[in-house]
Amino acid sequence: MIDAFLQALVNGALAGAVLALPALGFNTVYAVLRFPNFAIASLATVGAYAGWVANAVFAWPAASSLVVAFVVAGAAGAASDALALRKLRPLGAITAAIGSVALDLLLQNAIRFGFGNNPRGYDLPVFRNWQVAGIGIGPQEAEDAGLALVAMAALFLLLRFTRIGKTMRAVADNAPLAESKGIDPVRVAWVANFVGFGLAGIGGMLVALDTSLDPLTGFRVLLSIFAAAVVGGLGSIPGALAGAFVVGIGEELSTLVLAPTYRTAIGFLAILLVLSLRPRGLLGERAY
Amino acid sequence: MGSTIPRRAALAGALAVPFLARTGLAAAPIPLGAINPLTGAGGAYGPSMAKVAKALTTRINGAGGVLGRPIALDVEDSETNPTVAVEAAHKLIDVNKVVAIVGTWASACTTAVAPLCWQSHTMLFCVSGADSITKLPHHGYIIRTQPNTHLQSGRAAEFLLQKGAKRVFGLSAQTPFAVDSWNRLKEVLAGGGASGLGDIIYDPKQISFRSEIGKALDAKPDTLFLNSYAPDLEILLRETYQAGFNGKRFTFAYAATDAVLKALPASVTNGLWSFAPSPNVGSPAYGAVQAILGVNDPDPYSCQVYDHVSLVALAIGKAGVASGLAIHDNVRKISQGAGEKVSDPVAGLRLLASGKEINYEGASGPCDFTPLGDIISCKFLFQVAENQRNKTLFIS
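Here the structure is a predicted model, which means the values were calculated and not measured.

What counts, and at which threshold
Residues numbered from 1 in each chain as written. Chains lettered and ligands numbered in written order. Predicted model: local features only at pLDDT ≥ 70, side-chain atom pairs only at ≥ 80, totals over all residues. Contact = placed C-beta atoms within 7 Å. Helix = DSSP H or I, 4+ residues; strand = E, 2+ residues; numbered from the N terminus. Nonpolar A, V, L, I, M, F, W, Y, C, P; charged D, E, K, R; others polar. Pairing = 2+ DSSP bridges. Axes fitted to C-alpha atoms, helices over the stretch in contact; angles between N-to-C directions. Expected span 1.5 Å × (residues − 1). Buried ≥ 20, exposed ≤ 12 C-beta atoms within 10 Å, placed from the backbone. Arc of directions from axis to C-beta. Parallel < 35°, antiparallel > 145°, perpendicular 65-115°, else oblique. Left-handed = near helix turned anticlockwise from the far one by under 90°. Domains from an automatic or database assignment. Right-handed = clockwise from strand over helix to strand, strands pointing away.

1. Describing the interface of chain A and chain B
Here is step 1 of the chain: Contacts between the two partners involve 30 residues from chain A, matched on the other side by 32 residues from chain B.
Here is step 2 of the chain: Elements represented by at least two residues in the side of chain A that touches chain B include exactly α1 (2-33) and α8 (185-210) of chain A.
Here is step 3 of the chain: In terms of residue count, α1 of chain A provides more of the side of chain A that touches chain B than any other element does, four residues in total.
Here is step 4 of the chain: Residue classes in the side of chain A that touches chain B are distributed as nine nonpolar, 13 polar and eight charged.

Below you can see the structure in the form of structure tokens.
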């Protein structure tokens, strides 16, 4: 039983680390633009396909392919927001959120048009799990979690120490005040979208490395991303991190007592509990 | 104000009337719907299914249509999603007023669409296997060309016993056929002396199945029965390999697609057994599907959709009326019995017009149906994955 518990804990932590990146991206965008952008699902898929082109077509290694995933998903996210959602934002968060659902479907079908429905595979070997004290750990999953941690660290450094990071935090904290101090909200929106969706792109590629790459890769994790963001606190960067691990580990631990069929319900349950008991999320709305 | 119709146009119109009547173009089209999985988990099959349905419709229309009326085919995408399939069915039934819907794929989609069909007296032709589908109170408005779960799982279990499986564990995606499928498999396996028969039903929308696989391997199986669709099969194959499983794996051919085999290294997929209802290889109708798709080995669902469109056209041709009820009352009169065997719906329509009885033999099989709407018999294809391709073991 203890072995099963530890195995579920390890599985959940590895899943949470990968889930954390798109959740961080989701909250980065929410913090600055104040609406939930559900197009993140397809933009994660865009990143996964961009990384696939770099890896499987141009034979780049996984780490450099992740950079391509970041840049392409970030650019696609910033451009699609400017083209499709910027004019909707003044009409309210609900309008912009509904617009983002439409944008998500549009992007999903554009991917399908370009790459087809069939699953694709990265040009990477599949290794047997390491056995550490009776606990199985996948080398690919461990590497993915490590890469996710590096990307998260880079985001924290960007937000804390760089000028653009500070302007993003200022807009997130009080947009009218930041604008009165000369910060250009349009420029900050571009950067927030680029960084947020870039992280989603990396997350999408890491998910695809572990699972399968097809036009629905990002959509399959949308609920878990949203659950992680809400549990941690919408708009909170460390909250997204905490929420991703809570959801990832919670889903895995639930299989010890519930049939695996109900695992996805844990995400819904987490949202319900948090919204009932602590509506601002585990770490509050605007914590950095 | 004088006449606004120029004399030359009026003359041209008058001359065109006999021509239009002769070619049938003047007659109101017969609306026919297709709900195919153009995207989603069944996306590997939907486009070719739609292509076959369109090509056959065009051919029938080119030969004068049915009862002198062209068939107007409207293809909708189910996205392999029951909610979307229901929206598509509403549109086809309420707006297009179709007489039949063909080619629903995935049991969840067919189950969702079926009540709309029987309530509106629209015939439904599906390629879904769950036993529960034809047990619905459909009053004869469902015909399926796919063998049901009972038939498929029984044959699968016989194959596994023949291959020496002793301890089998099932990992099944949550579908309408998951429980029936496993229960039938377990029944035949237990009768053949297998033991350690356990199963887990999983949510296929997950991105990892490590916990499920851990539980499965705790039972020390020598064979895993992966009752999956393509996206989750890819993850299961990867993760069972990672978890160190070296035993046998068995799945459905619709999941073990060429794309899945190519997406994973050969070391992960080699030895994977899969099976599918075999089309009527070598039959003239099968040859027609080969020609439409330009491939040597068309998938079973495209063959079944060819038969769906043929059965609709022939049943209407037999009835002399284009309606769901007419198809309902006549589909068995043209698909089984002592009539002249035909594989080409155009030839069949000619025979019917001359008052002859026919027995349609299709691309997917003999197309003989029980009173419930299930096919009576079919052959199965068994294959094994070798170097990222499926290799045929045998058809029986």
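Further notes follow.
2. Observations regarding the sheet that holds strand β2 (residues 71-77) of chain B
All names here are of chain B.
Here is step 1 of the chain: Here we have five strands laid out as an open sheet, ordered β2-β1-β3-β4-β5, and parallel in their pairing. Lying at the two open borders of the sheet, with one neighbouring strand each, are β2 and β5 (142-144). Put simply, the sheet's adjacent strands are angled 20 degrees from each other on average, direction ignored.
Here is step 2 of the chain: Sheet topology note: the strand β4 (residues 123-126)/β5 ladder contains three bridges and is parallel. Of the residues in β5, the one forming a bridge with Leu124 is Ile142.
Here is step 3 of the chain: Packed onto the sheet, helix α2 (residues 46-62) meets β1 (30-36), β2 and β3 (100-104) and runs at close to 175 degrees relative to β2.
Here is step 4 of the chain: Running at roughly 60 degrees to β4, helix α14 (residues 324-335) makes contact with β3, β4 and β5 of the sheet.

3. Things to note about helix α3 (residues 82-96) of chain B
All names here are of chain B.
Here is step 1 of the chain: With 15 residues, α3 extends 20 Å from end C-alpha to end C-alpha; this agrees with the ideal 21 Å at 1.5 Å per step.
Here is step 2 of the chain: Residues Ala85, Ala88, Ala89, Leu92 and Ile93 constitute the buried set of α3. Angular distribution of buried residues about the axis of α3 spans 120 degrees; they occupy a single face of the element. Structural note: α3 exposes Thr83, Asp94 and Val95 on the side pointing more than 90 degrees away from its buried face.
Here is step 3 of the chain: In this fold, the buried residues of α3 make contact with β1, β2, β3 and α4 (107-119).
Here is step 4 of the chain: Positive phi appears at Lys97, one or two residues downstream of α3, with a value of about 60 degrees.

4. Description of the packing of helix α3 (residues 62-85) of chain A against helix α4 (residues 93-115) of chain A
Residue and element names in this part refer to chain A.
Here is step 1 of the chain: Contact geometry for α3 and α4: axes closest at 11 Å, N-to-C directions at 125 degrees. When the axis of α3 is compared with that of α4, the two are oblique. Note that α3 runs across α4; the crossing there is right-handed. Side by side, α3 and α4 meet where Ser80, Ala84 and Leu85 of the first sit next to Ala96, Gly99, Ser100, Leu103 and Leu107 of the second.
Here is step 2 of the chain: Here the contact of α3 with α4 is built from residues that sort into five nonpolar, three polar and no charged.

5. Some thoughts on the packing of α3 of chain B against α4 of chain B
Residue and element names in this part refer to chain B.
Here is step 1 of the chain: Where α3 meets α4, the closest approach of the two axes is 8 Å, and the angle between their N-to-C directions is 30 degrees. Our pair here, α3 against α4, has a crossing hand that is right-handed. In contact with Pro82, Ala85, Val86, Ala89, His90 and Ile93 of α3, α4 contributes Ala108, Cys109, Ala112, Val113 and Leu116.

6. Overview of the domain arrangement of chain B
Residues and elements named next belong to chain B.
Here is step 1 of the chain: Domain boundaries assigned for chain B yield domain 1 (29-148 + 281-360) and domain 2 (150-279 + 379-395).
Here is step 2 of the chain: On a C-alpha basis, the centres of domain 1 and domain 2 stand 30 Å from each other.
Here is step 3 of the chain: On the domain 2 side, the residues contacting the 17 residues of domain 1 number 16 residues.
Here is step 4 of the chain: Only α4, α5 (131-134) and α13 (300-319) provide two or more residues apiece to the side of domain 1 that touches domain 2.
Here is step 5 of the chain: For the side of domain 1 that touches domain 2, the element with the most residues is α4, which contributes three residues.
Here is step 6 of the chain: Looking at the side of domain 1 that touches domain 2, its residues break down into ten nonpolar, six polar and one charged.

7. Remarks on the pairing of β2 of chain B
Residues and elements named next belong to chain B.
Here is step 1 of the chain: Burial analysis of β2 places five of its seven residues in the buried class, the great majority of the element.
Here is step 2 of the chain: With seven bridges connecting them, β1 and β2 associate as parallel partners. Across the sheet, residue Asn36 finds its bridge partner in β2, namely Asp77.
Here is step 3 of the chain: In terms of handedness, the path from β1 via α2 over to β2 forms a crossover that is right-handed.

8. Topic: the sheet that holds strand β6 (residues 167-173) of chain B
Residues and elements named next belong to chain B.
Here is step 1 of the chain: Read from one edge of the open sheet, seven strands run β7-β6-β8-β9-β10-β13-β14, paired in mixed fashion. Two strands bound the open sheet, and with one partner strand each, they are β7 (195-202) and β14 (389-395). With strand direction ignored, the average angle separating the axes of adjacent strands in the sheet is 25 degrees.
Here is step 2 of the chain: By the bridge criterion, five bridges tie β6 to strand β8 (residues 223-227) in an arrangement that is parallel. Each bridged residue has a counterpart across the sheet, and for Leu171 the counterpart in β8 is Leu226.

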